[in-house]
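Chain and residue survey
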Amino acid sequence: MSVVIQFSIFPMDKGVSVNPYVARAAKIIRESGFRYELGPMGTCIEGEWEEIIGVVTRCLEDLKKDCDRVYLTLAADHRKDGNGRIQSKVKSVERELRQEGQ
C-alpha cells in the first residue's frame, strides 16, 4: 500500500524569489528517506499516508518559524498495491507515447 503525493509549499510574504524557503522544505523531504522527485512546480513523495503527512507537516512547521503566510497545495493518489510509482507512472506514459509514434 502506498500513496504518492504532489505538493508545493512556499511563503507568500518573502518577495518574488522564495528559493531559499523551498530548499528548506526540500532538505526536510530529502532527509526523510522517502522516494521523492523535485519538480519545477512541486515535489512528489511516495510512502505511507501518515508518514508522508508527517513530512509535509514538518515542512510547514519549519516555514512557519519565520514566515507570516505560507501557501501549501497537496494532491494525493492512494493505491492498495504497488510501490515505486513515481517513476513507473512516468515510464508508463512515455511507453504509450512511443507506441503512438510508431
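Our subject in this report is the structure included herewith. (Residues numbered from 1 in each chain as written. Predicted model: local features only at pLDDT ≥ 70, side-chain atom pairs only at ≥ 80, totals over all residues. Heavy atoms only, no water.)

Turning to its location among the elements, Ser2 is positioned in strand β1 (residues 2-11). Residue Ser2 is classed as buried on the basis of its relative accessible area of 2%. Engagement of the side chain of Ser2 in a polar contact is seen with the side chain of Glu46, the distance being 3.4 Å. If we skip the residues at most four places from it in the chain, Ser2 touches Glu46, Gly47, Glu48, Asp77, His78, Arg79, Gly82, Asn83 and Arg85. (Helix = DSSP H or I, 4+ residues; strand = E, 2+ residues; numbered from the N terminus. Buried < 20%, exposed > 50% of the residue type's maximum accessible area, 1.4 Å probe, protein only. Polar contact = N/O pair within 3.5 Å; in protein donor to acceptor, adjacent residues only side chain to side chain. Contact = heavy atoms within 4.5 Å.)

So, on to the nonpolar core. In this structure, Ile5, Phe7, Ile45 and Cys59 are the most contacted members of the largest nonpolar core, which totals 17 residues. If you tally residues by element for this core, the top one is helix α2 (residues 49-64), at 5 residues. Not counting residues within four places of it along the chain, the set of residues in contact with Cys59 comprises Phe7, Ile9, Ala25, Ile28 and Ile29. (Core = buried A, V, L, I, M, F, W, Y, C linked by side-chain atoms within 4.5 Å.)

Further remarks concern the pattern of salt bridges. Throughout the structure, instances matching the rule amount to 6 salt bridges. Between Asp66 and Arg24 there is a salt bridge, with its nearest N and O atoms 3.0 Å apart. Here the residue Asp66 occupies a position in the loop between α2 and β4 (70-79), and Arg24 occupies one in helix α1 (residues 19-32), the gap between them amounting to 42 residues. You can call Asp66 partly exposed: its relative accessible area is 36%. Where salt bridges share partners, they join Arg24, Asp62, Lys65 and Asp66 into one cluster. (Salt bridge = Lys/Arg side-chain N within 4 Å of Asp/Glu carboxyl O.)

Further remarks concern the pairing of strand β3 (residues 43-47). Judged by how many residues are buried, β3 sits mostly within the fold: 4 of 5 residues are covered. Sheet topology note: the β1/β3 ladder contains 5 bridges and is antiparallel. Residue pairing for β3: Gln6 is matched across the bridge by Cys44. The pairing of strand β2 (residues 35-38) with β3 spans 4 bridges and is classified as antiparallel. When the bridges of β3 are listed, Glu37 appears paired with Cys44. A loop of 4 residues connects β2 with β3, the two strands running antiparallel in sequence. (Pairing = 2+ DSSP bridges.)

Take it as geometry only, folks, not as evidence of what the structure does.
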